[in-house]
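# Examination of the molecular architecture
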Number of protein chains: 6
Amino acid sequence: SLRKMASFRGQKLEQVVQQLEGFAPISLAEKWDNVGLLIEPTSNKLVQRILLTNDLTEPVMGEALDKKVDLIISYHPPIFRPLTRITQSNWKERVVASCLLNSVALYSPHTAWDKVVGGVNDWLSKAVDIKGIKPLVPEAGAEPGTGSGRLVDTNMSIAQLVQDLQKHIEQSVHVAYAVEHHGNTQLRTVGICAGSGGSLLRGVQADVVITGEMSHHEILDFNHNGTTVLLCNHSNSERGYLKEFKTLLSDRLEGACELFISEKDKDPLQTL
Amino acid sequence: SLRKMASFRGQKLEQVVQQLEGFAPISLAEKWDNVGLLIEPTSNKLVQRILLTNDLTEPVMGEALDKKVDLIISYHPPIFRPLTRITQSNWKERVVASCLLNSVALYSPHTAWDKVVGGVNDWLSKAVDIKGIKPLVPEAGAEPGTGSGRLVDTNMSIAQLVQDLQKHIEQSVHVAYAVEHHGNTQLRTVGICAGSGGSLLRGVQADVVITGEMSHHEILDFNHNGTTVLLCNHSNSERGYLKEFKTLLSDRLEGACELFISEKDKDPLQTL
Amino acid sequence: SLRKMASFRGQKLEQVVQQLEGFAPISLAEKWDNVGLLIEPTSNKLVQRILLTNDLTEPVMGEALDKKVDLIISYHPPIFRPLTRITQSNWKERVVASCLLNSVALYSPHTAWDKVVGGVNDWLSKAVDIKGIKPLVPEAGAEPGTGSGRLVDTNMSIAQLVQDLQKHIEQSVHVAYAVEHHGNTQLRTVGICAGSGGSLLRGVQADVVITGEMSHHEILDFNHNGTTVLLCNHSNSERGYLKEFKTLLSDRLEGACELFISEKDKDPLQTL
Amino acid sequence: SLRKMASFRGQKLEQVVQQLEGFAPISLAEKWDNVGLLIEPTSNKLVQRILLTNDLTEPVMGEALDKKVDLIISYHPPIFRPLTRITQSNWKERVVASCLLNSVALYSPHTAWDKVVGGVNDWLSKAVDIKGIKPLVPEAGAEPGTGSGRLVDTNMSIAQLVQDLQKHIEQSVHVAYAVEHHGNTQLRTVGICAGSGGSLLRGVQADVVITGEMSHHEILDFNHNGTTVLLCNHSNSERGYLKEFKTLLSDRLEGACELFISEKDKDPLQTL
Amino acid sequence: SLRKMASFRGQKLEQVVQQLEGFAPISLAEKWDNVGLLIEPTSNKLVQRILLTNDLTEPVMGEALDKKVDLIISYHPPIFRPLTRITQSNWKERVVASCLLNSVALYSPHTAWDKVVGGVNDWLSKAVDIKGIKPLVPEAGAEPGTGSGRLVDTNMSIAQLVQDLQKHIEQSVHVAYAVEHHGNTQLRTVGICAGSGGSLLRGVQADVVITGEMSHHEILDFNHNGTTVLLCNHSNSERGYLKEFKTLLSDRLEGACELFISEKDKDPLQTL
Amino acid sequence: SLRKMASFRGQKLEQVVQQLEGFAPISLAEKWDNVGLLIEPTSNKLVQRILLTNDLTEPVMGEALDKKVDLIISYHPPIFRPLTRITQSNWKERVVASCLLNSVALYSPHTAWDKVVGGVNDWLSKAVDIKGIKPLVPEAGAEPGTGSGRLVDTNMSIAQLVQDLQKHIEQSVHVAYAVEHHGNTQLRTVGICAGSGGSLLRGVQADVVITGEMSHHEILDFNHNGTTVLLCNHSNSERGYLKEFKTLLSDRLEGACELFISEKDKDPLQTL
């Protein structure tokens, strides 16, 4: 309703970005990544309404326009391969054109959120009964606990972990047992990497690894090296974090903006 | 039993290889692939017993020794990244060492079987109600119908295709609907690529694509381009072909060898 | 005036683009170039007013908004280095954002116009008393006369050519005489390349070359190889063509759109 | 006259080179550059007469032979692209052959002179009313003030700077105003790079940059970033330094050699 | 005889390898090299008999089987270019297959032995009357004396050195005199590199260099730079070390294994 | 004597070069090679005396000056790695400087002579009892018989071939027998490559290969593949051709120039 929309005083885009980078500096992101403020339609833009999403698909873009938001925070960057033109012939160009045409700003944190303390990987780790936790690749010169992936110490069975993980992500889980493992195998260490963890987790010595997706040949390598693999589907290993982040951002903005989590955003895959 | 083992007269390895390449010449395989006779323990080896498998994992290797086979035909090549040593510290090196130590030969067809008429992709296509079929990338200078992937004309609903595919591969299927699609959407064209089809299928104009595995970002691209994606899990999109091939090879060898399909070979993933 | 603006019925952007490519197909452009429709704000856009410019600078962008044009045709592509973001921190990103925010389409022909018969190089050649003319690098499979650069046969003195060139481009000219040349030297052949001709003209055997800009070391090479160099400044070797093109496009569009040549567009350099 | 030629006692080439490198060590030069003693016709060569030039063109080579010099110091290295042969078919090979055939040595300082304190860039900076000066890229481990380019603090109008620059180089100047600049704009900082400054000056925050030559697209980038560009023509931004250097070298050699500045050396371009 | 074979109690392969790496750690080897345990047929292999060879040719492989050895130590690694298959069509693959089929392990030290104190280069240096010795390229962080090649101080004539070298390697020597050298030239420094020393020795200032083989154009460069070249043939510059190593290894293994030096291993070249 | 020197009328360098390229066009040479007229001190040079050599070493350069030759024809190009300077600090630069200072021209044919009919490889093949001969790599579009290397059909023993080869090159020969070969082995095919033949001869199926030099590991590969290797030393496999060429060139020049074969040119290696 108009009344409700009027009740948020808003913040300058520049200040919202400052809060976002205060939480997770873009200097944390991987070199190959494309993060931060990706679309800034005008100078001095005022932000009253913000939509949080994992992927900025066209249904989510439609929702953003319906909700009249001023800023979209999309975990995955909609511009990744650099653009040589912005036309109606390709969904990513259409999304970019639509943002600008409707004066909607766009911010993507991606691997900065993966590494930050209290970010995506720390959220995913909560599926495990944590006895100890540290990054797989600690970030030099950053706050302790910052870095890529997580290595968690625990003491639980595979069957229990699978059940807890299903509950945590509110989705089904795909399991590939190590050659000698079964449901009752007791675990001591769990490697964690939200998203597509095949290359980051390669060579990690852990009883189980949890990630979003991994190729067949990578799975066989883990299983023959004593490691059971749990897959959540790519975005199901990330999306649940948005709820935590909404609270966090709301606090940082001191209620100046209205925040929404997308209702259209979901993992594309369902198992039949 | 010894009596049964004695009843197959066997063939020279060289002649078995000749039959395998008579069916699917290794010149068909992709340039980056490593196919054909990969392990030949001695000259003039006699082959009486043959094991067929999709992946030569260590449980399958154990089965091969139990069954006292002379030759393993593994669809995926166990040697892919070239070897600088052959030790006990890595499962692929252990498998190679075990073959040689036990004088078991090894043959891998991989992409030669993907392209050949009557091969893996033709088998996978049988899940569809075929009105017409041709390769996605026809092989220059080869028998018509040869080439990478398949493009199938059909006339059925997505719901029906999913049901038929589940039945054909005898496994569950993962579905990602195109932005405008639903179960009742009527299909005209289906792109097929056994295994990991993301790069081959890129840019193909089809209502549905069927493959083994595909990354999240590739799926989103297909879904926004009007294409529903059906995933079987990598090896479930390939393994069912072994039954067809067993009959085919038995005919070519005129009963000289005893043929087995591995009982230990299965896709590592299960959905819980 | 509003009355006048209403008097042009307009054309669909798609059809204007069809006329532009009917004259100079984008397939003519160099592989490294970025040409054609670069910004398409919405589907089915109607074009009533069009601005022609050599360079889409910010003053020209301001003029476009003042003139309320629907389409800018900028000879040089404003997007050349691919974009990873579109913000207010860089003039090229600001121009792109401004086009989209104001729903202005953008088309750039660049090297397609350089090669086409009746394009930029044919226009620049008119400064010479032409006895014969052909492309420096003919385009395979295209209409005769199409290709990169021009080689013109003539019979005039250097002094006369300099005078005629000044008149043709309506600007001053920079001269670097070949080691043995002077004003009265009689010319037989002239190499032409609008813009920055150093690499295309390298090795061309001509008495004079005309281009927009060329580096010091390239000039010395020409001068020691018997070739006098005439420089117009980069955009002065191109801009005069817009007048010819305006007439040509007006005919093709049968008066459906109002056409303007930018009044703000000019070469940045002036000699004091 | 012969009498005059006999009056200089000369120095061993080795010692002259020692003085040249004592002033500007070749270790200062850029990695991609080719500097120092480039032609040494014989061991123990005696040097009585030296010619200084900016570019060793063929007219300058003729002058060197007329003046019977033993050593040419050419700011730009005549050998840059490495030689696979030395014949009469190319002007640079002819110059090299002529040096050796006539036993003339050749030395080129190039970027070592650009960086050294009291070198080419310090000379060019004298066109500005200097309130402060430092290198754009300081040279690690060298005397303070050494490095590539210069950044000068000043307080003068653009019009005044243009006038002073014309006087300093004794040549006309090409001006490209920043989008918001005009003749009366007051300047605080000036970036300096003798020769071709486009890549070194990229990204420098200055009100004006002075260099020899710069491409059209680079100029537009500076002008949109708040920087006016002044161009002198490549060699006119360098040549005036030879007068200063002649005095400097004469002192170092304590009058042992006769020094000439070339009368044939001049910038190839003139504006008509 | 069987009795003799029974008299060595043997060692676990793992422990033999530990002794080999205790003497010359594989971390010493060059990055491009392939050293260490290259073939390990089974876990927990027992080693009673060991064959030492410079090159593992097929005649040497035959000898290994005749002598029923459990481990071959071949200075040159038989697997260098990585293997994509192991068949009977190529001598290196046949050697690898034969090792595995017969359960013979294989270890290659190569450049680890070149660098270690008391290794191949120290052995070759003994041909010189040593007044002082140090590595050409010292190994950072290793025991003093470790590194690539050797530089030896001496005081002897070339004729004397040639005679001593012939005696030390028990083979003929090829001599290429420096431009100013002859048999009576007195030497002060000798560069040493067993094997193929052209690239390691390049630029070394020494009166003589000793190596196994060197190309014609490299020899001319040394001879014009004041350096006489002595060539032993590649493997003759290395093979004599095996005798020293046999004693050394026997001590380390405390007599647990029987050691042989190959009788079939010899340099392929003979001069007629 | 001066009288004799006066008795040759000479030829323009341009015409001598025309005769050299009439025999072996430089277009025959390999892409990586540097052949043809490498030093041309002046235009219109007259050539009365010519020195032929395999390698232009400094002793040979001294001989050229003593003999007052106008042109040196050196089979190997003295300029191979391109030159960035020409000083007294390096033997190849000293040779180039000396040629120019003394106005001596330089021509190198190298791989053009290797391929031409009647060139270096045809000369080396004469050591074999030739029953048939063809190039290893025929040159497309050239006279039959032109190309790289030679493959000779014959019928003789290895012992006989070694003896004939020693006689033909007037030098000793190095022999590496194939695994199954000995002196009495009867030969049918011989691969020939003057100079360094390792890469050209790789994979050639021949009973023997003859070349100048080859590395240890290449020799082992040939020996295990059924091929005996005969090495002559690099320049001894080439130098004998100069005698044939002297007659050939003398005829082409119709006695206009005096021709010498260097007396200082010899292979650097001698076996002791």
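Given the structure is predicted, the values throughout are model-derived calculations rather than measurements. (Residues numbered from 1 in each chain as written. Chains lettered and ligands numbered in written order. Predicted model: local features only at pLDDT ≥ 70, side-chain atom pairs only at ≥ 80, totals over all residues. Heavy atoms only, no water.)

### Remarks on the packing of helix α9 (residues 216-224) of chain E against helix α4 (residues 91-101) of chain F
Direction vectors running N to C along α9 of chain E and α4 of chain F enclose 80 degrees, while the axes themselves pass 10 Å from each other. Relative to α4 of chain F, the element α9 of chain E is oriented roughly perpendicular. Across the interface between the two elements, Leu-220, Asp-221 and His-224 of chain E of α9 of chain E pack against Trp-91, Lys-92 and Arg-94 of chain F of α4 of chain F. Residue composition of the contact of α9 of chain E with α4 of chain F, grouped by class: two nonpolar, one polar and three charged. (Axes fitted to C-alpha atoms, helices over the stretch in contact; angles between N-to-C directions. Helix = DSSP H or I, 4+ residues; strand = E, 2+ residues; numbered from the N terminus. Parallel < 35°, antiparallel > 145°, perpendicular 65-115°, else oblique. Contact = heavy atoms within 4.5 Å. Nonpolar A, V, L, I, M, F, W, Y, C, P; charged D, E, K, R; others polar.)

### Side note on the relation of the copies chain C and chain D
When chain C is fitted to chain D, the residual RMSD is 0.0 Å, and the transformation amounts to a turn of 180 degrees plus an axial shift of 0.0 Å. Such a combination of turn and shift is consistent with a two-fold rotation axis. When you check the interface residues of chain C against chain D, 100% turn up at the interface there too, and the contact is symmetric in its surfaces. (Least-squares fit on C-alpha atoms with pLDDT ≥ 70 in both.)

### Considering the sheet that holds strand β13 (residues 258-261) of chain E
Residue and element names in this part refer to chain E. Pairing in this open sheet of five strands is mixed, and the strands run β2-β6-β5-β4-β13 from one edge to the other. Pairing within the sheet leaves two strands with one partner each, and these edge strands are β2 (36-39) and β13. The sheet shows a mean angle of 25 degrees between the axes of neighbouring strands, direction not considered. When strand β4 (residues 49-53) meets strand β5 (residues 71-74), the two strands line up parallel, connected through four bridges. Paired with Leu-51 across the two strands is Ile-72, which belongs to β5. (Pairing = 2+ DSSP bridges.)

### Description of the UniProt feature "binding site: a divalent metal cation" (unreviewed entry) in chain A
UniProt feature "binding site: a divalent metal cation" (unreviewed entry): in the numbering of this structure it lies at His-76, Asp-114, His-234 and Glu-238 of chain A. Of the residues just listed, which span 163 residues, no C-alpha pair is farther apart than 13.5 Å, and they cluster in one region. Within the secondary structure, His-76 of chain A is located in the loop between β5 (71-74) and α4 (91-101). Residue contacts for His-76 of chain A: discarding those within four places in its chain leaves Asn-54, Asp-55, Ser-108, His-110, His-234 and Glu-238 of chain A together with His-216 and His-217 of chain B. On the basis of relative accessible area, His-234 of chain A is assigned to the buried category, the value being 7%. When residues no more than four places from it in sequence are discounted, the contact partners of His-234 of chain A are His-76, Gly-195, Ser-196, Gly-212, Glu-213 and Asp-267 of chain A together with His-216 and His-217 of chain B. (UniProt positions renumbered as here; feature names shortened; annotations may be inferred. Buried < 20%, exposed > 50% of the residue type's maximum accessible area, 1.4 Å probe, protein only.)

### Regarding the pattern of salt bridges
For the structure shown, the criterion picks out 66 salt bridges over all chains. Residue Glu-218 of chain F pairs with Arg-202 of chain F through a salt bridge whose shortest N-O separation is 3.7 Å. Note that Glu-218 of chain F is positioned in helix α9 (residues 216-224) and Arg-202 of chain F in the loop between α8 (198-201) and β11 (208-213), a separation of 16 residues in sequence. The exposed category is assigned to Arg-202 of chain F, whose relative accessible area is 55%. Taken together, the shared-partner salt bridges in this structure form one network comprising Glu-30, Lys-115 and Glu-139 of chain A. (Salt bridge = Lys/Arg side-chain N within 4 Å of Asp/Glu carboxyl O.)

### Points about the packing of helix α4 (residues 91-101) of chain B against helix α4 (residues 91-101) of chain E
Direction vectors running N to C along α4 of chain B and α4 of chain E enclose 75 degrees, while the axes themselves pass 7 Å from each other. The angle between α4 of chain B and α4 of chain E falls in the class roughly perpendicular. From α4 of chain B, Ala-97, Leu-100 and Leu-101 of chain B reach across to α4 of chain E, where they touch Ala-97, Leu-100 and Leu-101 of chain E.

### Here's the deal with the relation of the copies chain A and chain B
Rotating chain A by 180 degrees about the axis while translating it 0.0 Å along that axis superimposes it on chain B, leaving an RMSD of 0.0 Å. In this assembly, 100% of the residues forming the interface of chain A have copies in chain B that are likewise at the interface, indicating an isologous arrangement.

### Structural notes on the interface of chain A and chain B
Tallying the contact residues gives 36 residues for chain A and 36 residues for chain B. Both faces combined, the contact of chain A with chain B buries some 3,000 Å², and carbon together with sulfur accounts for 63% of it. In terms of surface lost to chain B, no three residues of chain A exceed His-216, His-224 and Leu-272 of chain A, which account for 23% of the buried area on that side. The interface formed by chain A and chain B contains zero salt bridges. Here chain A and chain B share 16 residue pairs in polar contact (both at pLDDT 80 or more) between them. Those elements giving two or more residues to the side of chain A that touches chain B turn out to be α3 (58-66), α4, α7 (158-169), β9 (174-176), α9 (216-224) and β14 (270-271) of chain A. With seven residues, the top contributor of residues to the side of chain A that touches chain B is α9 of chain A. Of the residues assigned to the side of chain A that touches chain B, the class counts are 15 nonpolar, 14 polar and seven charged. In the sheet, β9 of chain A pairs with strand β14 (residues 270-271) of chain B via two bridges, with the strands oriented antiparallel. Counted as the bridge partner of His-174 of chain A is Thr-271 of chain B from β14 of chain B. (Buried area = accessible area lost by both parts, 1.4 Å probe. Polar contact = N/O pair within 3.5 Å; in protein donor to acceptor, adjacent residues only side chain to side chain.)

### Description of the packing of aromatic side chains
A complete count under the given rule lists 36 aromatic pairs over all chains for this structure. Here Tyr-241 of chain E and Phe-245 of chain E contribute two aromatic rings whose centre-to-centre distance is 6.2 Å and whose plane-to-plane angle is 40 degrees, an arrangement assigned as tilted. You can see Tyr-241 of chain E and its partner Phe-245 of chain E sitting in helix α10 (residues 241-253), four residues apart, about one turn around the helix. The buried category is assigned to Tyr-241 of chain E, whose relative accessible area is 1%. Since its relative accessible area comes to 1%, Phe-245 of chain E is described here as buried. Following the ring pairs from residue to residue traces out a cluster consisting of Phe-23, Tyr-75, Trp-113, Tyr-241 and Phe-245 of chain A. (Phe/Tyr/Trp six-rings, centres within 6.5 Å; stacked < 30°, edge-to-face > 60°.)

### What about the confidence of the model for chain A?
Looking at chain A, pLDDT values average 96 and 98% of them are 70 or higher. Scored by ipTM, the complex comes to 0.95, with pTM at 0.92. (pLDDT = per-residue confidence, 0-100.)

### What to know about the interface of chain C and chain D
Facing the 36 residues of chain C at the interface are 36 residues of chain D. In this assembly, chain C and chain D are joined by zero salt bridges. The interface formed by chain C and chain D includes 16 residue pairs in polar contact (both at pLDDT 80 or more). Breaking the side of chain C that touches chain D down by element, the ones donating at least two residues are α3 (58-66), α4 (91-101), α7 (158-169), β9 (174-176), α9 (216-224) and β14 (270-271) of chain C. When residues of the side of chain C that touches chain D are assigned to their parent elements, the largest contribution, seven residues, is made by α9 of chain C. Residues of the side of chain C that touches chain D, tallied by class, amount to 15 nonpolar, 14 polar and seven charged.

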